[in-house]
Amino acid sequence: MEFNASLSSICFAVLLGLCDDIIDIKWKHKLQIGAFMALPLLISYQGGTTILIPEIGPLRKFFNDNKSMGDTFIGNLLQIEIDGEGSLFDLGFLYYVYMFVLIVFCTNSINIYAGINGLEVGQSVVMACSVSVVNLLELTWRGGSQEDILSGDGRNHLFSLMLMLPFISTSLALLKFNFYPAKVFVGDVYPYYAGMTLATSAILGHFAKSLFLLMVPQLLNFVYSLPQLFHFVPIPRHRLPKINLKTGFVEASKVAPNDDRANMTLLCAALRLFGPMHERTLCIVLLTFQVLCACLGIGFRYAIAGLF
């Protein structure tokens, strides 16, 4: 069931990307369509909806001293359940809301963090490798026997890894032709496909909460872009860096012809920070940043495990 649901959601994402390439779907409609894309994945989800309360100061004691919280109107409304020691916090329906937000974010974050040859595919490969590392670590620490590997969430991590390995293989082949100078352009189809595949792998692998740690550049780009996305700052049709025909370098593009403000993306921020550079160099800088953030995210994930 989970395998069919994952394929359905990924196919819906590919269809959305194809329609966006052809008819240029508005952002508000993409969010509405995203709800239908997420349905097969959310319906087939069979994992838990609880989170662990870390042992930080009085945080766990606060939940332990307020066991009646689950019996209040708000507790019943949010389906809050607390165990005897206050360590498990059952979000119930709110966890499904979180997974829906994660799906919408993943399918759109790669699409808005793009614009130069190799960046969309490169960042997806880095994130997919990071997800695979998490899966491999979880499977390795379970022991060497088949029973140990498939115990608990081991089967889910194995399924997640099975999704990632073919995705990485095909994306690496695509990256060869998409890296500067690109011979193949991915349009909107690949970013939606990659985002949904990553979200599917994390949700059905039962580590959806950790995926954001592996997508720090996408989070930063989204937060930095919010003023333009909500039209507090003018937003052009495309926010790609502009190329200087005299030098051959790319430069930060402007929000409007008569406005000196640069577009609010990580690409333009990097160009303002380091100055104009070749498109290939810019892609390498951004992918290096992606790798560093992925390594820190994995390290942080397991470093804070002792607090739970």
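The written sequence of each chain sets the order in which its residues are numbered from 1. For this predicted model, a pLDDT threshold of at least 70 governs which residues receive local features, and a threshold of 80 or more governs which side-chain atom pairs are given and counted, while totals over whole chains, interfaces and linings are taken from all residues. Heavy atoms from the whole structure form the basis of all side-chain values; hydrogens and water molecules are not counted.

Colleague: An account of the overall build of the chain is requested, with residue identities and associated values reported.
Modeller: Helix and strand definitions here come from DSSP, where helices need a minimum of 4 consecutive H or I residues and strands a minimum of 2 consecutive E residues; each element is numbered from the N-terminal end. When helices and strands are counted, the chain shows 13 helices and 7 strands. Note on exposure labels: buried denotes an accessible area under 20% of the residue type's maximum, exposed denotes more than 50%, and partly exposed covers the range between, all computed with a 1.4 Å probe on protein chains only. Here the chain holds 308 residues, and 46% of them are scored as buried. Whether two residues touch is decided by their heavy atoms; if any such pair falls within 4.5 Å, the residues are in contact. Sequence-distant contacts in the chain: of pairs separated by 6 or more residues, those separated by 24 or more amount to 71%. In this description, accessible areas are obtained by the Shrake-Rupley approach with a 1.4 Å probe, and a residue is regarded as covered only by the protein chains that are shown. Total accessible area on the chain stands at roughly 15700 Å², and carbon and sulfur atoms take up 68% of it.

Colleague: Break down the nonpolar core for me, with residues and values.
Modeller: Joining through side-chain atoms within 4.5 Å is the link that ties buried Ala, Val, Leu, Ile, Met, Phe, Trp, Tyr and Cys residues into a set, and such a set is a nonpolar core. Counting residues in hydrophobic clusters, the biggest one holds 47 residues, and the most contacted among them are I103, V121, V131, Y190, L198, I203 and L211. Contributions of two or more residues to this core are made by α1 (2–23), α2 (27–44), α5 (93–112), α6 (119–140), α8 (154–178), α9 (189–204) and α10 (208–211). If one sorts the elements of this core by residue count, α9 sits on top with 9 residues. Excluding residues that lie within four positions of it along the chain, I203 makes contacts with L41, Y45, M99, L102, I103 and A208.

Colleague: Break down the pattern of salt bridges for me, citing the residues and quoting the values.
Modeller: In what follows, salt bridge is the name for a side-chain nitrogen of Lys or Arg lying within 4 Å of a carboxyl oxygen of Asp or Glu. Under the criterion given, the structure shown has 2 salt bridges. We note a salt bridge from E138 to R301, for which the minimum N-O separation is 3.1 Å. One end of the pair, E138, is in helix α6; the other, R301, is in helix α13 (residues 279–303), with 163 residues separating them in the sequence. Accessibility assignment for this pair places E138 and R301 in one class, buried. Note that D259 and R261 form a salt bridge whose closest N and O atoms lie 2.7 Å from each other. The buried category is assigned to D259, whose relative accessible area is 18%.

Colleague: With reference to specific residues and values, describe the side chain of N178.
Modeller: Examined against the element boundaries, N178 turns out to sit in helix α8. Look at N178 and you get buried, because its relative accessible area is 3%. Identification of polar contacts relies on pairs of N or O atoms within 3.5 Å, with a donor-acceptor requirement for protein atoms, meaning one able to donate a hydrogen and the other able to accept it, and with residues adjacent in sequence counted only if both atoms are side-chain atoms. Within polar-contact distance, the side chain of N178 engages the backbone oxygen of V184 at 2.8 Å. When sequence neighbours within four positions are dropped, the list of residues in contact with N178 reads N117, G118, V121, V184, F185 and V186.

Colleague: I'd love a proper account of unusual backbone geometry, names of residues and values included.
Modeller: The step from Y180 to P181 runs through a cis peptide bond, and the omega angle for that step is -10 degrees. Position of P181 among the secondary structure elements: in the loop between α8 and α9. The backbone of H206 sits at a positive phi, close to 65 degrees, despite the residue not being glycine. Within the secondary structure layout, H206 lies in the loop between α9 and α10. A positive phi angle is found at H231, which is not glycine, with a value near 65 degrees. Tracing the sequence through the fold places H231 in the loop between α11 (216–229) and β4 (242–243).

Colleague: Outline the packing of aromatic side chains, listing residues and values.
Modeller: Here the aromatic set is Phe, Tyr and Trp, taking the six-membered ring for Trp, and pairing holds for ring centres within 6.5 Å; pairs whose planes are under 30 degrees apart are stacked, those over 60 apart are edge-to-face, and all others are tilted. In total, this model carries 9 aromatic pairs according to the counting rule given. Here F105 and F222 contribute two aromatic rings whose centre-to-centre distance is 5.9 Å and whose plane-to-plane angle is 85 degrees, an arrangement assigned as edge-to-face. Here F105 is found in helix α5, whereas its partner F222 is found in helix α11, with 117 residues between them in sequence. Aromatic ring contacts, followed pair by pair, group Y45, Y95, Y96, Y98, F105, F212 and F222 into a single cluster.

Colleague: I'd like a description of the pairing of strand β7 (residues 259–262), backed by residues and values.
Modeller: Relative to β7, strand β6 (residues 254–256) is paired through 2 bridges, and the arrangement is antiparallel. Across the sheet, residue K254 finds its bridge partner in β7, namely A262. One bridge is not enough; two strands pair if DSSP finds at least two bridges between them. What sits between β6 and β7 in their antiparallel hairpin is a turn of 2 residues.

Colleague: Describe the environment of A35, listing the residues and the values that go with them.
Modeller: Checked against the element boundaries, A35 lands in helix α2. Separated by 69 residues in sequence, A35 and V104 have C-alpha atoms that sit 7.9 Å apart.

Colleague: With reference to specific residues and values, describe the packing of α11 against helix α12 (residues 266–274).
Modeller: Note on definitions: angles span 0 to 180 degrees between N-to-C directions of axes, and those axes are lines fitted to C-alpha atoms, for helices only across the stretch in contact. In the contact formed by α11 and α12, the axes pass within 9 Å of each other and the chain directions differ by 90 degrees. By the angle class used here, α11 and α12 are roughly perpendicular. Residues P217, L220, N221 and Y224 of α11 form the contact with α12, whose participating residues are L266, A269 and R272. In this count, Pro and Cys sit with the nonpolar residues alongside Ala, Val, Leu, Ile, Met, Phe, Trp and Tyr, while Asp, Glu, Lys and Arg are called charged and the others, Gly among them, polar. Across the contact of α11 with α12, the residue classes break down as 5 nonpolar, 1 polar and 1 charged. Here the word oblique covers every angle except those under 35 degrees (roughly parallel), over 145 (roughly antiparallel) and from 65 to 115 (roughly perpendicular).

Colleague: Describe the state of the cysteines, with residues and values.
Modeller: In what follows, a disulfide is any cysteine sulfur pair within 2.5 Å. Inspection of the entire model under this criterion finds 0 disulfides. Here C295 is not cross-linked by a disulfide; its sulfur's nearest cysteine counterpart is in C293, at 9.4 Å.

Colleague: Would you mind going over α6 in detail, with residue names and values included?
Modeller: By definition here, a helix of n residues has an expected span of 1.5 Å times n minus one. With 22 residues, α6 extends 31 Å between its outermost C-alpha atoms, agreeing within 8% with the 32 Å of an ideal straight helix rising 1.5 Å per residue. With 17 of 22 residues buried, α6 is to be regarded as a mostly interior element.

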